[in-house]
Amino acid sequence: MRGVPGVTSPVRDVGRPLYDGVMRRTKRVVGTAAVVLLAAMAACGGDDDEASDRRLRSGEDFSIAAALAELPTPEDDAGAMVSVADLDGLAEATGRDRPDDEEGGREWLQAFISGTDDEVPALVVAAEPLHGFVSEDDPGVGDELGWSIADVEAFGQVQAAPRGVTVVSGDLGEGSLDDADLEDLGGGVVSAGSGEDLAPDVDGGATAARPGRVPLRMTADGDHIVASPSTEVVEAWRDGTGPVLADDAELVAVAEALDGAGALSAVLLLGSGEPGPEGLPVAPADRAGIGWSVDDGEAVITVAYAYPDATQAGAAAADLEAALHDDEAPAGEDAITDLLEVEEVAVDGEVVVATVRPGPEGRAATPYELAILRRLPGAPG
C-alpha cells in the first residue's frame, strides 16, 4: 500500500529470526535451505561425483550468505559491489523458462539485466565476463571461455577494480575449460588472452568477455568455475586460502536478511567506509543489500542495512520509515513515494530491513538505480 504523506506505520522491532523463512519461501515460490544446514552441505557435497563442496548453489540450496564463502575479499573494498543470483530459481519463480543454447540464454539473461522491462519482476546485476554473454556484437563468448551462460545455474561476483572475481556453478567443470583455446598457466589455471596480470593483451583484440583486453584467468573445481584478471585470486580460490567475504560479519548479516526474505538475486553494497555528509535523512549504513524475490509474478524487493549497534539501527529505522514516505520530489525527479511502495520497515538488533514494491513510476530495478544515483535512503556512501 502506498504511503500517505505525514502518516507512517510503526517500525516493527522483532527478535530473531527476522523472518519466518519457511513461510516466505513457500509464498514466493522459492526454495532456499536454512542457513543452519550450510555446514552439512559443505561436508556432504553434491549428489554426484563431479559436484564439489563449494557453497554457491541454485534451487533449494541457494543462499546469498553461503555464496559469500566463495567470494574473495577485495584488497580495497571501498565502493565495491557484490552480486549474487540463482538463475534457475528466477526461471522457476517467474515462469520464464531458460533456453539451453547460448543465443537463447543471451536473450533470457538480457531481460533480467536490462532492468527496463516492466514485465520482468527481478533484476540481475552482472559485470564482465558474464555481461559479455548479452553482447549482440560479439556472440562468441562461450567459444572463447569454454562455457556458456546456458550452463550457469547460479553465480556470484565481486565488482572491485582492478581485481574483480566471478564464480559460477552449474553444468560446468574442468572439461568445460578443455573446450576452448585457452593458455595453460599450470596448476589447473588457464587464461583467455595472454600477458601479465591486469595488463592489456596488446597482441589480442577486445572481446565481449574482456572489453579491456586484459587476460582472464580461470580454474575449475567440480561444477564450479572461477574467473578473475588476477592469477593470485584464482589460485587462492582454488586452494581455499585468503580472506573471503563471509569473514565480514555485517555483510553476512545483510545477506542473511535477504535470504530470510527469499531473495533470488541480490546486490550487496560495501560503501566507501567514509562518514556521509551531514543532513542526510537517514544515516548511511556500514553495509547494505538489495534483494529481489517474486510473489505471484510480482516483484518484492528487500533492502537490508547493517549498523554498528542496535541503537543506531533503531534510529535509522525510524528515519528510513519517514524518508520512504516523503512525497516531496527533487527538481526534475520523481518522489520516492512514486517510485517505491513500502510494505514494512523492521529492525532486528543491528539490522534494518525495508520491504518494498515498485510504485506507479517504479520497476524492479528502481532501488538499485536509486543506490547508484545516491538517492536510496540509508545506502552506504
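One structure accompanies this document, and this report is about it.

Scoring rules and cut-offs
In this convention, every chain numbers its residues from 1, walking through the sequence in written order. Totals for whole chains, interfaces and linings use all residues, but because this is a predicted model, local features are given only for residues with pLDDT of at least 70 and pairs of side-chain atoms are given and counted only at 80 or more. The side-chain numbers reported here are obtained from all heavy atoms of the structure, hydrogens and water having been left aside. Strands are runs of DSSP state E lasting at least 2 residues, helices are runs of H or I lasting at least 4, and numbering of each runs from the N terminus. Three exposure classes are used, based on accessible area relative to the maximum for each residue type with a 1.4 Å probe and protein chains only: buried under 20%, partly exposed in between, and exposed over 50%. The contact definition used throughout considers only heavy atoms, calling two residues in contact when any of these lie within 4.5 Å. Per-residue accessibility takes into account occlusion by the displayed protein chains alone, with areas from the Shrake-Rupley method and a 1.4 Å probe. Strands pair, by our definition, only if DSSP identifies at least two bridges between them. Helix span, expected: 1.5 Å multiplied by one less than the number of residues in the helix. Pairs of N or O atoms are called polar contacts if they sit within 3.5 Å, as long as, within protein, a hydrogen donor faces a hydrogen acceptor (for residues adjacent in sequence, only side-chain-to-side-chain pairs). What makes a nonpolar core is a set of buried Ala, Val, Leu, Ile, Met, Phe, Trp, Tyr and Cys residues whose side-chain atoms join them at distances within 4.5 Å. Working convention: axes come from line fits to C-alpha atoms, limited for helices to the stretch in contact. Angles between N-to-C directions cover 0 to 180 degrees. Each angle is binned into one of four classes, with values under 35 degrees roughly parallel, values over 145 roughly antiparallel, values of 65 to 115 roughly perpendicular, and all other values oblique. Under the scheme applied here, ten amino acids are nonpolar (Ala, Val, Leu, Ile, Met, Phe, Trp, Tyr, Cys and Pro), four are charged (Asp, Glu, Lys and Arg), and all others, including Gly, are polar. The rule is short: rings of Phe, Tyr and Trp, with Trp giving its six-membered ring, pair when the centres are within 6.5 Å, and they are stacked under 30 degrees, edge-to-face over 60, tilted in between. Whether a charge sits over a ring comes down to the Lys NZ or Arg CZ being within 6 Å of the ring centre and within 35 degrees of the ring normal.

1. Overview of the overall build of the protein chain
For the protein chain, the helix and strand inventory stands at 12 helices and 13 strands. For the protein chain, the residues scored as buried account for 54% of the 381 residues in total. Long-range pairs, those at least 24 residues apart, make up 67% of the contacts in the protein chain between residues at least 6 apart in sequence. Only carbon and sulfur atoms are counted for the fraction: they give 47% of the accessible area of the protein chain, which is about 16,200 Å².

2. Quick notes on the pairing of strand β4 (residues 165-170)
Counting buried positions over the 6 residues of β4 gives 6, a clear majority of the element. Alternating positions in β4 separate into two faces, Val165, Val167 and Ser169 on one and Thr166, Val168 and Gly170 on the other, with burial throughout. As paired strands, strand β3 (residues 152-159) and β4 are joined by 6 bridges and run antiparallel to one another. Among the inter-strand pairings, valine 158 is bridged to a residue of β4, identified as valine 165. Connecting β3 to the next strand, β4, in antiparallel fashion are 5 residues.

3. Regarding helix α9 (residues 249-260)
In a regular helix each residue adds 1.5 Å, so 12 residues correspond to 16 Å; α9 covers 16 Å between its end C-alpha atoms and thus fits that length. N-capping of α9 is provided by aspartate 248, with a side-chain oxygen placed 3.2 Å from the backbone N of glutamate 250. Looking one or two residues past α9, glycine 262 carries a phi angle of roughly 75°, positive in sign.

4. Points about the nonpolar core
One finds Leu87 and Trp147 to be the most contacted residues of the largest nonpolar core, which totals 76 residues. Examining the composition of this core, we find that 6 residues originate from one element, helix α10 (residues 310-324), more than from any other. Core analysis: the next-biggest nonpolar cluster, separate from the first, contains 35 residues, Val84, Ala160, Val252 and Ala306 among them.

5. Digging into the packing of helix α4 (residues 87-94) against helix α5 (residues 102-114)
Look at α4 against α5: their axes get within 12 Å of each other, and the N-to-C directions meet at 85°. Relative to α5, the element α4 is oriented roughly perpendicular. Contact residues: Leu87, Leu90, Ala91 and Thr94 in α4; Trp108, Leu109 and Phe112 in α5. For the contact of α4 with α5, a count of residues per class yields 6 nonpolar, 1 polar and no charged.

6. Some points on the pairing of strand β12 (residues 340-348)
Relative to strand β13 (residues 351-358), β12 runs antiparallel, the two being bridged by 8 bridges. The residue bridging leucine 340 from the neighbouring strand is proline 358, located in β13.

7. Observations regarding α4
Burial of α4 is extensive: 6 of the 8 residues sit out of reach of the surface. Turning to α4, the residues buried within the fold contact β2 (81-86), α5, β3, β9 (265-269) and β10 (287-295). Here α4 starts with a cap whose side-chain oxygen sits 3.3 Å from the backbone nitrogen of aspartate 88, and that cap is aspartate 86.

8. Details of the packing of aromatic side chains
By the definition in use, this model includes 2 aromatic pairs. Between tryptophan 108 and phenylalanine 112, the aromatic rings sit 4.6 Å apart at their centres with planes inclined by 45°, giving tilted as the arrangement. One end of the pair is tryptophan 108 and the other is phenylalanine 112, both in helix α5 and 4 residues apart, which spans about a single turn. The burial state of tryptophan 108 is the same as that of phenylalanine 112; both residues are buried. Judged by centre distance (5.5 Å) and plane angle (45°), the rings of phenylalanine 133 and tryptophan 147 are tilted. Here phenylalanine 133, found in the loop between α5 and α6 (141-145), pairs with tryptophan 147, found in the loop between α6 and β3; they are 14 residues apart in sequence, far enough to count as distant. The exposure class of phenylalanine 133 is buried, given its relative accessible area of 2%. In this structure, arginine 54 packs its charged tip against the face of tryptophan 237, placed 3.7 Å from the ring centre. Note that arginine 98 overlies the ring of tryptophan 108, its terminal NZ or CZ placed 5.0 Å from the centroid.

9. Considerations on unusual backbone geometry
A cis amide bond links glutamate 128 with the next residue in sequence, proline 129, at an omega value of 5°. With respect to the secondary-structure elements, proline 129 resides in the loop between α5 and α6. With an omega dihedral of 0°, the bond running from alanine 161 to proline 162 counts as a cis peptide bond. Unusually for a residue other than glycine, arginine 213 sits at a positive phi of about 65°. Positive phi is not limited to glycine here, since arginine 374 has a value of about 60°. Position of arginine 374 relative to the elements: it lies in the segment after α12 (366-372).

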